[in-house]
Amino acid sequence: MLILTQGIVLRTVNYSENSVIVTIYTRLSGLGSYMLKGVGASSKKKKNKQNLLQPLSLVEMSAYHKPTGNLQHIKELRLSYVYKNIPSDLIKTSVFLFLHEIIYLSIKEEGANEALFLFLSDSLIELDKTQQNVSGFHLYFLYKLSQQLGFAPLNNFSDQRPVFNLVEGCFQKSAPEHSHFLDRDLSKCFYHFLCCNNGENGSLTLSYSDRKQLLGKLIEYYQLHLTGTRKIQSAKILEELLR
């Protein structure tokens, strides 16, 4: 069956001298592996199609799908959106690379999830187009992605529940026996961060120290709630560039 769909390129590996296997998260069928011919290491067309195969490229594609097949075949592939600002903006590039690593490690679904696909593609386009400061973009993205994936932290903060437990995903009375929690000051900062994400209390300005700490704890939160989430290599670079 020939399908037409939009997709987000996650990974490309050489398969043979003139073909590659591309991991793509698609709007119509979710996560899948696709063979694309004519773009292998020795192919003359490789340079012409490199932009199509870059991580997080937004594409439109037609592909032959077999219900029982693990490897599908791409008939046609083209860009659906061309990033204009990310390639020339060092800060946006570093955020973009971080988002790629998070998305690649987080997306496990093989079935279609249109809401998740639209969130991802809209977020990438927003990062490219926005004229606003993007120093907190990755933090808001992490929170909103956790909502899409079903493990968003519960904002139940109060004077009686001032400590956020990363394992349970909620605020509680006192520090747990394990080490996966936010101290009271950072918990309060996280509470205000959550309020802003939910449309309460207007905007929030975070200091570099707050951003750094929240990033580390949000990554830890992902590692606790998503099986197989390893150390995020691009986080350190992001911290340095966003000073």
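Residues numbered from 1 in each chain as written. Predicted model: local features only at pLDDT ≥ 70, side-chain atom pairs only at ≥ 80, totals over all residues. Heavy atoms only, no water.

Is there a simple way to explain the packing of aromatic side chains in this structure?
The geometry of two aromatic rings is summed up by the distance between their centres and the angle between their planes. Taken as a whole and judged by the stated rule, the model has 15 aromatic pairs. For the ring pair F119 and F141, a centre distance of 5.3 Å and an interplane angle of 20° mean the geometry is stacked. Here F119, found in helix α2 (residues 114-129), pairs with F141, found in helix α3 (residues 137-149); they are 22 residues apart in sequence, far enough to count as distant. Across the pair, F141 and F119 agree in class, each one buried. Ring plane angle 80° and centroid distance 5.1 Å describe the contact between F151 and Y222, whose orientation is recorded as edge-to-face. With F151 in the loop between α3 and β6 (163-165) and Y222 in helix α5 (residues 208-225), this pair connects stretches of sequence that are 71 residues apart. What makes Y222 buried here is its relative accessible area of 1%. (Phe/Tyr/Trp six-rings, centres within 6.5 Å; stacked < 30°, edge-to-face > 60°. Helix = DSSP H or I, 4+ residues; strand = E, 2+ residues; numbered from the N terminus. Buried < 20%, exposed > 50% of the residue type's maximum accessible area, 1.4 Å probe, protein only.)

Honestly, the sheet that holds β6 in this entry has me stumped. Any pointers?
Whether parallel or antiparallel, the strands of a sheet pair through hydrogen bonds between backbone atoms. Taken together, three strands build an open sheet; the order of strands is β7-β6-β8 and the sheet is antiparallel. Edge positions in the open sheet fall to β7 (170-172) and β8 (181-182), since each of these has one partner strand only. Direction of pairing for β6 relative to β8: antiparallel, over a ladder of two bridges. Bridging from a neighbouring strand, F164 pairs with L182 of β8. (Pairing = 2+ DSSP bridges.)

Sorry if this is basic, but what is going on with unusual backbone geometry here?
Negative phi values dominate among residues other than glycine, just as trans dominates among peptide bonds. Even without being glycine, L56 reaches a positive phi, approximately 70°. The residue L56 is located in the loop between β3 (30-37) and β4 (58-64) in this model. Classification of L56 as buried rests on a relative accessible area of 0%.

Even after reading the chapter, I still don't get the packing of helix α1 (residues 90-106) against α2, so can you show me in this structure?
When two helices pack together, their arrangement is given by the angle between their axes and by how far apart the axes lie. Contact pair α1 / α2: the axes reach a minimum separation of 10 Å and the direction vectors enclose 170°. Judged on the interaxial angle alone, α2 and α1 are roughly antiparallel. Together, K92, V95, F96, L99 and I103 of α1 and L120, L124, L127, D128 and K129 of α2 make up the contact between the two elements. Across the contact of α1 with α2, the residue classes tally to seven nonpolar, no polar and three charged. (Axes fitted to C-alpha atoms, helices over the stretch in contact; angles between N-to-C directions. Parallel < 35°, antiparallel > 145°, perpendicular 65-115°, else oblique. Contact = heavy atoms within 4.5 Å. Nonpolar A, V, L, I, M, F, W, Y, C, P; charged D, E, K, R; others polar.)

In this structure, what is going on with the environment of R11? I would like to understand it.
Position of R11 relative to the elements: it lies in strand β1 (residues 2-16). Judged by its relative accessible area of 44%, R11 falls in the partly exposed class. For the pair formed by R11 and S57, sequence separation is 46 residues and the distance between their alpha carbons is 9.9 Å. When near neighbours in sequence (up to four residues on either side) are disregarded, R11 contacts I21, V22, T23 and Y104.

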